[in-house]
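# Understanding the architecture of this molecule
Take a look at the letters that make up each chain.
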Amino acid sequence: MEGDTAVRRLKSSLNNVSCENSGAPKREGSGCEDGKKKHGGSFVLSEGVACALVLLFIFALWGSMHWSVKQLVTGKPTGDFNATTARKYLERITSVGPRPAGSPENDIMTVNFLLEQVERVRSESVEGPNTITVEMHKYSGSFSIDFLGGFTSCYDQITNVVVRLEPRSGAQHFVLANCHFDSVPSSPGASDDAVSCAVMLEVLHSISNLSIPLNHGVIFLFNGAEENILQASHGFVTQHEWVKQIRAFVNLEAAGVGGKELVFQTGPENPWLVQAYVHAVKHPFASVVGQEVFQSGIIPSDTDFRIFRDFGNIPGIDLAFIENGYIYHTKYDTADRILTDSIQRAGDNILALLKHLVTSEILADPSEYRHGSMVFFDVLGLTMVAYPARVGSIINYMVAIATLIYLAKKCLRPSNVGGRYVLELVYGSCVFVLSWFVVLLTVLIVALMVTLLGRSMFWFTHFHTSIFLYGSVATGKILLIHTLAKNLYYRNMRKLDLGDLFFDVSLLLWCCALVFLTQRGLCSAYVPMLMVFFSLTTKLLLSRHFLQKGVSKSYLVFYLLGLSFPYVHLLFLIWIVFEIFTPIMGRSGTEIPPDVVLASLVAMTTTLLSSFLIHFLYLARSTKHVLAALWTIFAVMFVLVSCGLFFPYSGDPASPRPKRVIVQHTTRTFHALDGSLEKTDSGFWINSFDYTGMSHITPHVPEINDTIRMRCSDELPFCGFPWFLPVKFLIKKNWYLPAPAVSPKSPLEFKLLSKHVSEWGTVKLGFEAKGPSHMSLYILPHTGSSLTGWSFANGTPQYDQNGEYFIYYSHGVDAAPWTFWIEVQPSSERLDEESMVAVAISPHYLFGDDQHTPELRSFLRKFPDWAFVTSWVSTYHMYLY
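The rules behind these values
Residues numbered from 1 in each chain as written. Predicted model: local features only at pLDDT ≥ 70, side-chain atom pairs only at ≥ 80, totals over all residues. Heavy atoms only, no water. Helix = DSSP H or I, 4+ residues; strand = E, 2+ residues; numbered from the N terminus. Buried < 20%, exposed > 50% of the residue type's maximum accessible area, 1.4 Å probe, protein only. Core = buried A, V, L, I, M, F, W, Y, C linked by side-chain atoms within 4.5 Å. Contact = heavy atoms within 4.5 Å. Pairing = 2+ DSSP bridges. Axes fitted to C-alpha atoms, helices over the stretch in contact; angles between N-to-C directions. Salt bridge = Lys/Arg side-chain N within 4 Å of Asp/Glu carboxyl O. Disulfide = S-S within 2.5 Å. Domains from an automatic or database assignment. Buried area = accessible area lost by both parts, 1.4 Å probe. Polar contact = N/O pair within 3.5 Å; in protein donor to acceptor, adjacent residues only side chain to side chain. Nonpolar A, V, L, I, M, F, W, Y, C, P; charged D, E, K, R; others polar. Patch = residues over 30% accessible without salt bridge, like charges linked within 9 Å, V, L, I, M, F, W, Y side chains within 5 Å. Areas by Shrake-Rupley, 256 points an atom, 1.4 Å probe, with all protein chains shown as cover. pLDDT = per-residue confidence, 0-100. Parallel < 35°, antiparallel > 145°, perpendicular 65-115°, else oblique. Expected span 1.5 Å × (residues − 1). Arc of directions from axis to C-beta. Phe/Tyr/Trp six-rings, centres within 6.5 Å; stacked < 30°, edge-to-face > 60°.

## Focus: unusual backbone geometry
With an omega dihedral of 15°, the bond running from Asp192 to Asp193 counts as a cis peptide bond. Relative to the assigned elements, Asp193 resides in helix H6 (residues 190–208). Geometrically, the link from Gly267 to Pro268 is a cis peptide bond, its omega value of 5° lying close to zero. Assignment of secondary structure puts Pro268 in the loop between strand S6 (261–267) and helix H8 (272–280). Even without glycine at this site, Cys719 takes up a positive phi of about 65°. Residue position: Cys719 is located in the loop between strand S12 (709–710) and strand S13 (734–738). Of the residues examined, Cys719 reaches a relative accessible area of 6% and is grouped as buried. For Ala793, which is not glycine, the phi torsion reads 50° and is therefore positive. Assignment of secondary structure puts Ala793 in the loop between strand S17 (786–790) and strand S18 (805–811). Exposure remark for Ala793: the relative accessible area of 31% places this residue in the partly exposed category.

## So, the nonpolar core
In terms of nonpolar packing, the biggest core is built from 198 residues, with Phe220 and Phe222 touching the most fellow members. With 17 residues, the top contributor of residues to this core is helix H18 (residues 553–584). Beyond its immediate stretch of four places on either side in the chain, Phe220 contacts Val161, Val162, Val163, Leu165, Ala177, Met200, Val203, Leu204 and Leu354. Formed by 53 residues, the second largest nonpolar core is a distinct cluster that contains Ile158, Ala171, Phe305 and Trp723.

## Focus on the sheet that holds strand S19 (residues 818–825)
The strand order across the open sheet built from four strands is S14-S15-S19-S17, with neighbouring strands paired in antiparallel fashion. Looking at strand neighbours, the two that pair on one side only are strand S14 (749–757) and S17, the edges of this open sheet. Averaged over neighbouring strand pairs, the angle between their axes works out to 25° when direction is ignored. As judged from the four bridges shared by S17 and S19, these two strands associate in the antiparallel manner. Among the inter-strand pairings, Gly789 is bridged to a residue of S19, identified as Glu823.

## Concerning the pattern of salt bridges
Taken as a whole and judged by the stated rule, the model has 19 salt bridges. The partner of Glu703 in a salt bridge is Lys862, and the shortest N-O contact between them spans 2.5 Å. Taken together, the residues span a long stretch of sequence, with Glu703 in the loop between strand S11 (677–688) and S12 and Lys862 in the loop between helix H22 (854–860) and strand S21 (867–880) at a distance of 159 residues. Using a relative accessible area of 27% as the deciding quantity, one classes Glu703 as partly exposed. For the salt bridge of Glu768 with Lys751, the shortest nitrogen-to-oxygen distance reads 3.7 Å. Here Lys751 lies in strand S14 and Glu768 lies in strand S15 (residues 763–770), a separation of 17 residues in the sequence.

## A word on the state of the cysteines
By definition, a disulfide links the sulfur atoms of two cysteines through a covalent bond. Taken as a whole, this structure holds two disulfides when the rule is applied. Each sulfur of the disulfide joining Cys179 and Cys197 lies 2.2 Å from the other. For the disulfide bridge between Cys179 and Cys197, the dihedral angle about the S-S bond is near 110°, and by the sign convention the bridge is right-handed. Of the two residues, Cys179 is situated in strand S3 (residues 174–180) and Cys197 in helix H6; the sequence distance between them amounts to 18 residues. Here Cys179 matches Cys197 in class, with each residue buried. Here Cys712 pairs with Cys719 through a disulfide, and the sulfurs are 1.9 Å apart.

## Observations concerning the domain arrangement of the chain
Domains assigned within the chain are domain 1 (83–138 + 159–372), domain 2 (394–643) and domain 3 (659–880). Taking only C-alpha atoms, the centre of domain 1 and the centre of domain 2 are 41 Å apart. Every contact between the two is made by 17 residues of domain 1 and, on the other side, 17 residues of domain 2. When residues of domain 1 are sorted by the area they lose upon contact with domain 2, Glu292, Ile322 and Tyr326 head the list and together hold 35% of the total. Across the domain 1-domain 2 interface, the total number found is zero salt bridges. Viewed at the interface, domain 2 and domain 1 are joined by four residue pairs in polar contact (both at pLDDT 80 or more). For the side of domain 1 that touches domain 2, a count of residues per class yields 12 nonpolar, three polar and two charged.

## Things to note about the environment of His852
Mapped onto the elements, His852 comes out in the loop between strand S20 (837–845) and H22. Looking at His852, the relative accessible area reads 22%, which means it is partly exposed. With 776 residues separating them in the primary sequence, His852 and Lys76 have C-alpha atoms 49 Å apart. In this structure, His852 is in contact with Arg857, Leu860, Ser871 and Val873, ignoring residues within four places of it in sequence.

## Remarks on the pairing of S14
Here S14 pairs with S15 via eight bridges, running antiparallel. Within the sheet, the bridge partner assigned to Glu749 lies in S15 and is Lys770. Linking two consecutive strands that pair antiparallel, namely S14 and S15, is a turn of five residues; a positive phi of about 90° is found at Gly761 within it.

## Considering a nonpolar patch on the surface
On the surface, a nonpolar cluster with roughly 610 Å² of combined accessible area is contributed by Val422, Leu423, Val426, Tyr427, Leu484, Leu488 and Tyr489. Counting only elements with at least two residues in the nonpolar patch, the list comes to helix H13 (420–452) and helix H14 (463–489). Per-element tally for the nonpolar patch: the top contributor is H13, with four residues. When you line up the elements, Tyr427 lands in helix H13.

## Focus on the confidence of the model for the chain
Interpretation of this model should avoid reading the predicted coordinates in detail wherever pLDDT is low. Confidence along the chain averages 90 in pLDDT terms, with 93% of residues attaining 70 or more. For the stretch residues 5–24, pLDDT sits under 50, and the model shows 23 contacts to residues farther than four places along the chain or on other chains. Contacts from residues 27–41, a stretch scored under 50 in pLDDT, to residues over four places away or in other chains number 40 contacts.

## Overview of the packing of helix H4 (residues 83–94) against helix H11 (residues 340–358)
Packed helix pairs are characterised by how far apart their axes lie and by the angle those axes make with each other. The geometry of H4 relative to H11 is characterised by a closest axis approach of 9 Å and an angle of 110° between their N-to-C directions. Between H4 and H11, the angle falls in the class roughly perpendicular. Across the interface between the two elements, Ala83, Ala86, Arg87 and Leu90 from H4 touch Thr340, Ile343 and Gln344 from H11. Of the residues in the contact of H4 with H11, the class split is four nonpolar, two polar and one charged.

## With respect to H4
Between its first and last C-alpha, H4 extends 16 Å over 12 residues, near the 16 Å set by a 1.5 Å rise per residue. Within H4, burial applies to Ala83, Ala86, Arg87, Tyr89, Leu90, Ile93 and Thr94. With its buried residues spanning 160° around the axis, H4 presents them on a single face. Next to the buried residues of H4 lie helix H5 (104–124), H6 and H11.

## Notes on helix H15 (residues 495–519)
For H15, with 25 residues, the first-to-last C-alpha span of 36 Å sits near the 36 Å given by 1.5 Å per residue. Counted residue by residue, H15 has 18 buried out of 25 residues, so it is predominantly covered. Phi for Gly521, located one or two positions after H15, is positive at around 75°.

## Some points on the packing of aromatic side chains
For the coordinates displayed, the defined rule picks out 56 aromatic pairs. On the basis of an interplanar angle of 5° and a centroid distance of 4.5 Å, the ring pair of Phe684 and Phe859 is categorised as stacked. Pair noted here: Phe684 is in strand S11 and Phe859 is in helix H22, with a separation of 175 residues, a long-range link. By relative accessible area, which is 4% here, Phe859 ends up buried. Seen from their ring centres, Phe724 and Tyr808 are 5.5 Å apart, and the 75° between their planes marks the pair as edge-to-face. Residue Phe724 is located in the loop between S12 and S13, and its partner Tyr808 is located in strand S18; the two are separated by 84 residues in the primary sequence.

See the structure below:
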């Protein structure tokens, strides 16, 4: 009898082990079921427990990520960098107000302040082992760039302050630190970019007072025309003699106001620069994902990094403040909104990085270390992880191979009769992909409904409402699809085996993403690598616990703990995406429905976060209460949004979310081929920066309605309006309200200086223009004619996607008249009475007495306080030749 009992126990034990190790899911009522029940294998989660575990997991990780984001300075400052002094510099620079290039506030007042402070630092360090040379330069030049669809930039007498710090014996190699002290016309530019210049002044003071000589030198470039589409950096890097000695650069920028400065761009190649950042900085905040997103071009912005890279062939690091982009380039970008801890943090990091670079042996000859890219990311701002991309590829493929081995072992088990496990993997993957497709389709339908109802951007001030609306429908759809799959197709399969199966499916899909990104050469592949590695490792480590106790609450807790690191990092990346893209939707133009973009991001976030948490759905007894709650949230939110309860904008001084509008008081003149005046008109030309157009403004300013909506006149250069930048492809909705004519004190003087017909039949036209510091030139060859040459850039005309030519021009104080020429190849069928090219020019009065007219000031007072209106006077003059 005892022997029979021992045999039965042995058989039961073998049966249990066989059930645990079988690759194929088991059906209810199979021989394994009794064995499972004996050690908790049939453990089923209640709905409440499953929801509680998932929500606690997400909120705990979000809390950790949020703590990391708000923890600006870790540890006590060393005293090497004085944030209080830097703040005084910041307040002094911004005290003069907006500083557009060419204005006295920028070219005289701010330049004089910088020179005074550099001279003070130089006098304090005159006895030290290092020496300071300071120069003020004015540059003139031009270049073509493919930014904003492609245009040409031309500048004359723009101002830079250049400081050279080196040992008294001299230096052969230098690192460049760059900031810009100019601002957009409507903003004091505290974050963009006065705070960076303030930090650089204090860093200069700190390094110059070192008691030991430097190994290499530092060049501090305070550039005065970055907002003029990167003109000052181009003048420096193409014309200054010191550039030949520069081996690397650090560029300080902003896409928001305050917070942490993110390393979002490095290289090209030169992985030693990332290593320098990793070894030197005290408060790391960096992501190669941000670099690859930015360099993909989907963010409508650019920095001096492009100029140093493309025109100077210099590698570097790009850093920028990214928080609170809602008030970037607005009047709210003031010094008081930048925390002293943010200044301290940036100063500590820049000082440490520059000190590391000027003592590095690699700076002298980086040729051996210039090839390849780096995978880099910070861990909660506490430390950095960085390794070469080639090593990353090896790691990625090893993790992928380990995953395939794990799955292959299940495929090779005897229980996988007829490839049943492989089929279940395929079916499970189809369920996942179907749920993603349905989620995306559903949120897009909801977003389009919201847009058609006229409630677009309801989330701009109340971001959480987008999570409740789009997040609830996305989560509900995922749960619904998987619940239907569980109850219909998998109704005879045990929940335990279903949970195991869909863990494997998630693992397989993340592994596919890992292999795909790695093959594309993207360093961002480290994200799916982390997800696969930690989930697989957790699963293997818990296998003994599973064999002994089955699925228990402790098993699930340990499972979530194992996923905590990749998930908290994923949440961190998600935070960066929303922190950057949500404010951008307020200035992305009238043609891109922002709810479609945001809803897609929410849908993507939901699918990513749910991947390894679907495990809980298949272990849960039911999902009906969760689904009911989600659909209730969605229904309530949709009704509230449809009723217009959530207004997009806010004028609250503590947390403004302004609507951006441009108003130009302009007079347009159109000349016939013989030079006579053909027609003229005047008005307020109004453009909205976002998709809602003037729908929210009209109740406050009823004159702005669709009766004055303008359409583009394709036969006129740039639609016949005074575009400041070539962004008409983004802003196609504009309004033109009749108003009195403008009469600037310094009107445009434009004339044809020469006309020469070459032996090849081309016509060379020479012009002279005298006007304000900023002018836009538009050239439109007529049908059959073409532009074959000009005096800009390399002499080869660069046109936009519509076949038009846009030249952005600016000059500093006391510049000479602007002279240029273009060469046109007329149509072979052109008659004498027909024109071959239309040339239009618009002067923009961005500061001074000519910036506003009494009528414009009166008109601006009608706008609500939540609207931020950038305004100036301009004129538009078109000529035919």
